[in-house]
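So you can see what is in the structure, the chains are spelled out below.
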Amino acid sequence: MEIVFITSNKGKVEEAQKYFAPLGIKIIQKKIEYPEIQAEELEDVVEFALNWLKDKLDKPFFIDDSGLFIEALDGFPGVYSAYVFKTLGNEGILKLMEGVENRKAYFKSVIGYYDGEMHIFKGIVKGRIGYEKRGSLGFGFDPIFIPEGFDKTFAEMTTEEKNKISHRGRALATFSKWLKENLI
Ligand code: ITT
């Protein structure tokens, strides 16, 4: 079985491919720019995007909208994560966090699958923001995020290790469970 993943982010594709390969599902990346509305919740961004995309494809597809929510910054960058990563980057976040004791943060991923109907799958991982960048694996904010119960950043973990505990891994787990029950 093949499923189309609409995203411009190679890192997300690699994680989905690693997750689905053992289940015999092939993930095909397709890059289609879609509007990401300014909303307070990732779910609203995903729902709007699915509605916008649904008539442009003739096969089932999914998207993934994710964000990093930092407690001391009132949830920033949250739904603005992509823009903030491009502009401030990891260095910028570390600067904003200078002198801040509360390092708590979480990553959230919302997957939207469309097969004639919309299906939403979510995953969260709690953790903390480190004091410096560590590791060279993964992508985005991985070098500054240390998941709860670990002393290493996501960028110091292999894709398989990250998938076991990450926001995306968890969203992919509920997505694949649903696929098993409904399709395969
Ligand atoms: P799309 O084409 O799929 O939208 P994107 O990179 O723009 O790709 P998002 O809109 O979901 O993705 O933005 C999320 C941002 O948060 C993105 O810039 C990443 O840098 C970051 N991010 C998301 N998931 C991450 C993860 O697992 N590890 C590190 N950073 C992550």
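In this text, all values refer to a predicted model and were calculated from it rather than measured experimentally. (Residues numbered from 1 in each chain as written. Predicted model: local features only at pLDDT ≥ 70, side-chain atom pairs only at ≥ 80, totals over all residues. Heavy atoms only, no water.)

With that settled, consider the site of the ligand. Taken together, 20 residues lie near the ligand, and Thr7, Ser8, Lys12, Asp142 and Lys162 sit nearest. Here a nitrogen atom of the ligand and a backbone polar atom of Phe141 are 3.0 Å apart. When the ligand sits alone it has 610 Å² of accessible area, and the protein chains cover 92% of it. Those elements giving two or more residues to the shell around the ligand turn out to be strand S3 (61–70), helix H3 (81–87) and helix H6 (167–182). (Near = heavy atom within 4 Å. Polar contact = N/O pair within 3.5 Å; in protein donor to acceptor, adjacent residues only side chain to side chain. Areas by Shrake-Rupley, 256 points an atom, 1.4 Å probe, with all protein chains shown as cover. Helix = DSSP H or I, 4+ residues; strand = E, 2+ residues; numbered from the N terminus.)

The full count for this structure, using the stated rule, is 14 salt bridges. Close ionic contact of Asp151 with Arg128 constitutes a salt bridge, the shortest N to O distance being 3.9 Å. Taken together, the positions of Asp151 in the loop between strand S6 (145–147) and helix H5 (159–165) and Arg128 in strand S5 (residues 118–129) put the pair 23 residues apart, joining distant regions of the chain. Assessed through its relative accessible area of 34%, Arg128 is described here as partly exposed. In this structure, Glu132 engages Arg134 in a salt bridge whose closest nitrogen and oxygen atoms are separated by 3.8 Å. Through salt bridges with shared partners, a single network forms among Lys12, Glu15, Asp64, Asp142, Lys162 and Arg168. (Salt bridge = Lys/Arg side-chain N within 4 Å of Asp/Glu carboxyl O. Buried < 20%, exposed > 50% of the residue type's maximum accessible area, 1.4 Å probe, protein only.)

Quick look at the sheet that holds S6 now. Pairing is mixed across the open sheet formed by six strands, whose spatial order is S2-S1-S3-S4-S5-S6. Both edges of this open sheet fall to strand S2 (26–30) and S6, since each of them pairs with a single strand only. Taken over all neighbouring pairs, the strand axes of this sheet differ in orientation by 40 degrees on average, direction set aside. The sheet strands contacting helix H2 (residues 42–53) are strand S1 (2–6), S3, strand S4 (104–114) and S5, and the helix crosses S3 at an angle near 160 degrees. Set on the sheet, H6 makes contact with S1, S3, S4 and S5; between it and S5 the angle comes to about 155 degrees. (Pairing = 2+ DSSP bridges. Axes fitted to C-alpha atoms, helices over the stretch in contact; angles between N-to-C directions. Contact = heavy atoms within 4.5 Å.)

According to the stated counting rule, one finds 14 aromatic pairs in the structure shown. Between the aromatic rings of Phe85 and Phe141, the centroid separation amounts to 5.1 Å while the plane-to-plane angle is 80 degrees, which identifies the pairing as edge-to-face. Placement of the pair is Phe85 in helix H3 and Phe141 in the loop between S5 and S6, with a sequence separation of 56 residues. What makes Phe85 partly exposed here is its relative accessible area of 34%. Using a relative accessible area of 6% as the deciding quantity, one classes Phe141 as buried. Plain terms: the ring middles of Phe107 and Phe154 are 6.1 Å apart, the flat faces sit at 25 degrees to each other, and that makes the pair stacked. With Phe107 in strand S4 and Phe154 in the loop between S6 and H5, this pair connects stretches of sequence that are 47 residues apart. With respect to burial, Phe107 and Phe154 carry one shared label: buried. Counting every residue linked through ring pairs, the aromatic cluster contains Phe5, Tyr19, Phe20, Phe62, Tyr113, Phe121, Phe175 and Trp178. Its end group placed over the ring of Trp52, Lys56 keeps NZ or CZ at 3.9 Å from the ring centre. For Arg103, the ring lying beneath its charged end belongs to Tyr131, and the centroid distance is 3.9 Å. (Phe/Tyr/Trp six-rings, centres within 6.5 Å; stacked < 30°, edge-to-face > 60°. Lys NZ or Arg CZ within 6 Å of the ring centre and 35° of its normal.)

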